[in-house]
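# Close look at the chain arrangement
Here is what each chain is made of, one letter per residue.
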Amino acid sequence: MSEPLKTRREKEKQARYEAILDAAELAFSEKGYERTSMDDIARTASLSRALLYVYFRDKAAIQRGIMLRAGHSLCRRFEEARQTADTGLAQIRAMGAAYYQFYRDQPDYFSALTTASTAMAEADDELADEMFCCKTQTMDLMVGAIHLGLEDGTMNRNRIHDPVETALYLRGALHGVIMLCQSEMAESGLEESFPAESLIRHTMEMLTSSIAS
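Now for a look at the structure at hand. (Residues numbered from 1 in each chain as written. Predicted model: local features only at pLDDT ≥ 70, side-chain atom pairs only at ≥ 80, totals over all residues. Heavy atoms only, no water.)

Moving on, we come to unusual backbone geometry. Phi at S46 takes a positive value of approximately 60°, unusual for a residue other than glycine. With respect to the secondary-structure elements, S46 resides in the loop between α2 (38-45) and α3 (49-55). Its relative accessible area of 66% is what places S46 among the exposed residues. (Helix = DSSP H or I, 4+ residues; strand = E, 2+ residues; numbered from the N terminus. Buried < 20%, exposed > 50% of the residue type's maximum accessible area, 1.4 Å probe, protein only.)

Turning our attention to helix α5 (residues 88-105). Turn by turn, an α-helix covers 3.6 residues, leaving residues three or four places apart pointing in a common direction. Here α5 is 18 residues long and its end C-alpha atoms lie 25 Å apart, about the 26 Å a rise of 1.5 Å per residue gives. Where α5 is concerned, the buried positions are G88, L89, Q91, I92, A94, M95, G96, A98, Y99, Y100, F102 and Y103. (Expected span 1.5 Å × (residues − 1).)

Helix-helix packing: each pair is described by the crossing angle between the helix axes and the interaxial distance. Following both chains from N to C, one finds α5 and helix α10 (residues 196-211) inclined at 155°, their axes separated by 10 Å at the closest point. Here α5 lies roughly antiparallel to α10, going by the angle between them. In this structure, α5 crosses over α10, and the sense of that crossing is right-handed. Residue-level inspection shows L89, I92, R93, G96, A97, Y100 and R104 of α5 in contact with α10, the latter providing A196, E197, I200, M204, T208 and I211. Looking at the contact of α5 with α10 residue by residue, the class counts come to eight nonpolar, two polar and three charged. (Axes fitted to C-alpha atoms, helices over the stretch in contact; angles between N-to-C directions. Parallel < 35°, antiparallel > 145°, perpendicular 65-115°, else oblique. Left-handed = near helix turned anticlockwise from the far one by under 90°. Contact = heavy atoms within 4.5 Å. Nonpolar A, V, L, I, M, F, W, Y, C, P; charged D, E, K, R; others polar.)

Moving on: the packing of aromatic side chains. In the structure shown here, the tally under the stated rule is six aromatic pairs. Here the aromatic rings of Y100 and Y103 are separated by 6.0 Å at their centres, their planes lie at 35°, and the arrangement is tilted. Of this pair, Y100 and Y103 are both found in helix α5, three residues apart, which corresponds to roughly one turn of the helix. Like Y103, Y100 is buried. In textbook terms, an aromatic cluster arises when at least three aromatic residues are bridged by ring pairs, as seen for F78, Y99, Y100, Y103 and F110. The aromatic ring of Y33 is capped on one face by K59, whose charged end is 4.4 Å from the ring centroid. (Phe/Tyr/Trp six-rings, centres within 6.5 Å; stacked < 30°, edge-to-face > 60°. Lys NZ or Arg CZ within 6 Å of the ring centre and 35° of its normal.)

From the geometry alone we can't say anything about function, so treat these as descriptive.
Written out as structure tokens, the structure is:
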């Protein structure tokens, strides 16, 4: 097979792979993951069911592909957030704001990443490795900002003994409060009146204050 033909076929294959994920995202959004069948996804993608199975062995495999998309989306947001600030502490604030905006803009992606660690245990090696690399890159962006904060004096060396541990704490704490807001709004049905924005701002201020010089 000539190189141009091989390249074209690879591009077509990748385009169909992405189209299936697009269709699945739409179907999951409209019907929910549990109520969506492979037939639903095939119809939405305008593909035969047989061709769909050439690309994905089951619905869980499709969901893992979406999880990887979500990971890349969050990583891009963190990269862009770091570029908006010069000091380490300001970069951490920017990434915290980006994480909350990620939840607001792409709630399905946020939910996908919440269960990604468990789901990736069943992924093939290539996909699992790519997801691990994406997760590592996202964490490295936070750790890099913390190292910068220690170097530029905006973060307190007496409070930060391990930048990786601190990055995990910051992300975990913010994630937990976002999940709390999500749960409270769902239970009360008062999405418009629940002070989520205020609580998130307070949380980020408390978190950054805990590591600031």
